[in-house]
Amino acid sequence: MAMNSTIISLLSNTTLVDATDQPGYSGTVKDAMCTFPTNFAEVDYISTYIYLLAIPTICVLGAGAAVMCIVVFTRKQMRSSLNVYLAGLSVFDLILLSFSALIFSPLQGCVLQGHGDTTVCHFFWRSTPWTLPISNIAQCGSVWTCVAVTVDRFLAVNYPLHSKIWCTPRRAATILVAITVFSIVFKAPMFFELTNDDCGRLRTSFLRDNKYYKEYYVTFGYLIALLLIPWTIMIILNVFVVKAVHKAYKIRRSMQGGKNNQEEKDRRNSLRCTLMAIAMVLTFLVFNVVAAVNNLAETVFEVSLGFWSPIGNLLICLNSASNIVIYSLFGARFRQMCVLMLCGRQSRWMEWLKVGRSMVSDWDGRDGTTRKTSLDASTALLSARRMTISNFITYPMSSRRWSKRSQSGAPHQPAARKDTVIYTSAQNRLSLQSTPS
């Protein structure tokens, strides 16, 4: 992440002044060790506005949006492999945004105060050795979760039948756990990169100053594990997914009206989910380009790009906070669930969203659960066929008895069943209702 190189470069540019060499000093050596000479530099207004205004605002709003996404995607009726990945991505976004607000604002505040003996500087010095690694763990997890989303959509588009077996919610949860473990193990050395001296000031550790550590872990580790492999997978698979989606749209236009409404609706939902995943991954790639260039310039070429570093950090936070916009644009059910949770089903926004009663009529706002008592068309027709077969098996009638009853003119009265599938007044809705015996 660009914030790591930002803090390391800041520490390398901050020099300690020995107070015993200052004219007029009359204290002890111990007192001189813990003096905090102010080091005021020229104010960088771009960094100040970004770190003290833009990023805190984005982090607060984005954290609230991430919590909303987590609540929606973990609902029982939203359970799918893609939604499991999106829930995990929202958790990583929440962690990243929360800890970014704890890093950047104190960082710039300490810079403006000349790295002096102030409360802001002491908070920044004490908290950064553990907030910075946690934020990098969250960023690593979000990168590989985007890879998992890309693979999930690639399988769903190119292997639709096999994806029903391969891409299950349980397997998606297992992959998320594996991504989390990998991120923690891969970024664990960062907990030993920064330390505090005897006066509490932030300093790089012996490990971070090691030449081989910076060359192999910091440089090549970032290039391979966070840039080369995941970006290559996302770019290549998204090319295939975009081609498949374009081909599906052409087939859909050529076969307009040739399929039933339910099959066409399922196809549209699948394409919409795929487009949402494509938009999310492309947004991730675009917003992380600046941070990737900053890291390459500062770790490989040892060149600072100036104001591009705070811009890269801003784009990373903006990417994590903007995912809810993509979900809302492409996810009809996501929009419905958000409106139901925030405004209730009687809100006028429900009419604007054109939400049918078949999807939201059973929402219970008191305990936050949804009881699905409606069946879609395919399930209802299958149930009707099964009941017809069960009636025939339970009440067999030979051809001879049937002919006698037909000759006598007595109407045939089938045995009444308790639960039968009937049509209700709502459009395109089939439900289970109890009929009198």
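The structure displayed is predicted, hence computed values, not measured ones.

The rules behind each value
Residues numbered from 1 in each chain as written. Predicted model: local features only at pLDDT ≥ 70, side-chain atom pairs only at ≥ 80, totals over all residues. Heavy atoms only, no water. Core = buried A, V, L, I, M, F, W, Y, C linked by side-chain atoms within 4.5 Å. Buried < 20%, exposed > 50% of the residue type's maximum accessible area, 1.4 Å probe, protein only. Contact = heavy atoms within 4.5 Å. pLDDT = per-residue confidence, 0-100. Helix = DSSP H or I, 4+ residues; strand = E, 2+ residues; numbered from the N terminus. 1 Å grid on protein atoms, 1.4 Å probe; cavity = no way out; pocket = protein on both sides within 12 Å on 5 of 7 lines; lining within 4 Å. Points joined across faces, edges and corners; volume = space filled by probe spheres on them. Nonpolar A, V, L, I, M, F, W, Y, C, P; charged D, E, K, R; others polar. Disulfide = S-S within 2.5 Å. Salt bridge = Lys/Arg side-chain N within 4 Å of Asp/Glu carboxyl O. Patch = residues over 30% accessible without salt bridge, like charges linked within 9 Å, V, L, I, M, F, W, Y side chains within 5 Å. Areas by Shrake-Rupley, 256 points an atom, 1.4 Å probe, with all protein chains shown as cover. Phe/Tyr/Trp six-rings, centres within 6.5 Å; stacked < 30°, edge-to-face > 60°.

A.B. asks: Describe the nonpolar core, listing the residues and the values that go with them.
C.D. replies: Ile-55, Phe-73, Leu-86, Met-234, Met-280 and Tyr-327 are the most contacted members of the largest nonpolar core, which has 64 residues in total. Look past the residues within four positions of Met-280 in its chain and what remains in contact with it is Leu-86, Leu-89, Val-149, Asn-323, Ile-326 and Tyr-327. Within the second largest apolar cluster, 9 residues are counted, among which are Leu-237, Val-241, Leu-271 and Ile-278.

A.B. asks: Kindly report on the confidence of the model for the chain, identifying the contributing residues and their values.
C.D. replies: Regions with low pLDDT should not have their predicted coordinates read in detail. Looking at the chain as a whole, the pLDDT averages 76, with 66% of positions reaching at least 70. Mean pLDDT values over the elements of the chain span from 33, in strand β5 (residues 374-375), up to 96, in helix α7 (residues 169-187). Predicted confidence is poor over residues 15-30, with pLDDT under 50, and the contacts of this stretch with residues over four places away or in other chains come to 12 contacts. Within the model, the stretch residues 355-386 combines pLDDT values under 50 with 47 contacts to residues more than four positions away or in other chains.

A.B. asks: Residues and numbers for unusual backbone geometry, please.
C.D. replies: Residues other than glycine seldom take positive phi values, yet His-115 does so here, at roughly 55°. Take His-115: it is sitting in the loop between α4 (81-112) and α5 (119-158).

A.B. asks: Give me empty space enclosed by the protein: which residues, what numbers.
C.D. replies: Evaluated as defined, the whole model comprises 5 cavities of 30 Å³ or more. Taken as a whole, the largest cavity spans an internal volume of roughly 100 Å³. Along the wall of the largest cavity there are 13 residues; nearest its centre are Asp-93, Ser-142, Phe-284, Asn-319 and Ser-320. Mapped onto the lining of the largest cavity, the elements with two or more residues apiece are α4, α5, α10 (261-287) and α12 (308-321). Of the residues assigned to the lining of the largest cavity, the class counts are 6 nonpolar, 6 polar and 1 charged. In this structure, the second largest cavity is lined by Gln-139, Val-143, Tyr-222, Leu-226, Trp-231, Asn-288, Ala-291 and Ala-292. If you list the elements that add at least two residues to the lining of the second largest cavity, you get α5, α9 (211-254) and α11 (289-299). The element best represented in the lining of the second largest cavity is α9, accounting for 3 residues. Grouping the amino acids of the lining of the second largest cavity by side-chain chemistry returns 6 nonpolar, 2 polar and no charged.

A.B. asks: How would you explain the state of the cysteines if you had to name every residue and give the values?
C.D. replies: Inspection of every chain in the model, using the stated rule, returns 1 disulfide. Disulfide partner of Cys-110: Cys-121, at an S-S distance of 2.3 Å. Measuring handedness by torsion sign, the sulfur bridge of Cys-110 and Cys-121 sits at about 110° and is right-handed. With Cys-110 in helix α4 and Cys-121 in helix α5, this pair connects stretches of sequence that are 11 residues apart. In this structure, Cys-110 and Cys-121 share a single accessibility class: buried. With no disulfide of its own, Cys-69 lies 6.6 Å from the sulfur of Cys-338, the closest cysteine sulfur.

A.B. asks: So what's going on with the pattern of salt bridges? Which residues, and what values?
C.D. replies: Under the defined criterion, the tally for this structure stands at 3 salt bridges. With a shortest N-O distance of 3.1 Å, Asp-152 and Arg-153 are connected by a salt bridge. We note that Asp-152, like Arg-153, is buried. Among the salt bridges present, the one from Arg-208 reaches Glu-193, with a minimum N-O distance of 3.5 Å. Separated by 15 residues along the polypeptide, Arg-208 in helix α8 (residues 206-209) and Glu-193 in the loop between α7 and β1 (194-196) bring together distant segments of the chain. For Arg-208, a relative accessible area of 8% puts it in the buried group. With relative accessibility at 2%, the residue Glu-193 sits in the buried group.

A.B. asks: Any details on a nonpolar patch on the surface? Residues and values, ideally.
C.D. replies: A cluster of nonpolar side chains, namely Tyr-212, Tyr-216, Phe-220, Ile-224, Leu-228 and Ile-229, defines an oily patch on the protein surface of about 620 Å² accessible area. Within the secondary structure layout, Ile-229 lies in helix α9. Residue classification places Ile-229 among the partly exposed positions, given a relative accessible area of 37%.

A.B. asks: Which residues make up the packing of aromatic side chains, and what values do they have?
C.D. replies: According to the stated counting rule, one finds 16 aromatic pairs in the structure shown. A ring pair is formed by Trp-144 and Phe-182, whose centres lie 6.0 Å apart and whose planes are at 85°; its orientation type is edge-to-face. Of the two residues, Trp-144 is situated in helix α5 and Phe-182 in helix α7; the sequence distance between them amounts to 38 residues. Note on Trp-144: relative accessible area 18%, which makes it buried.

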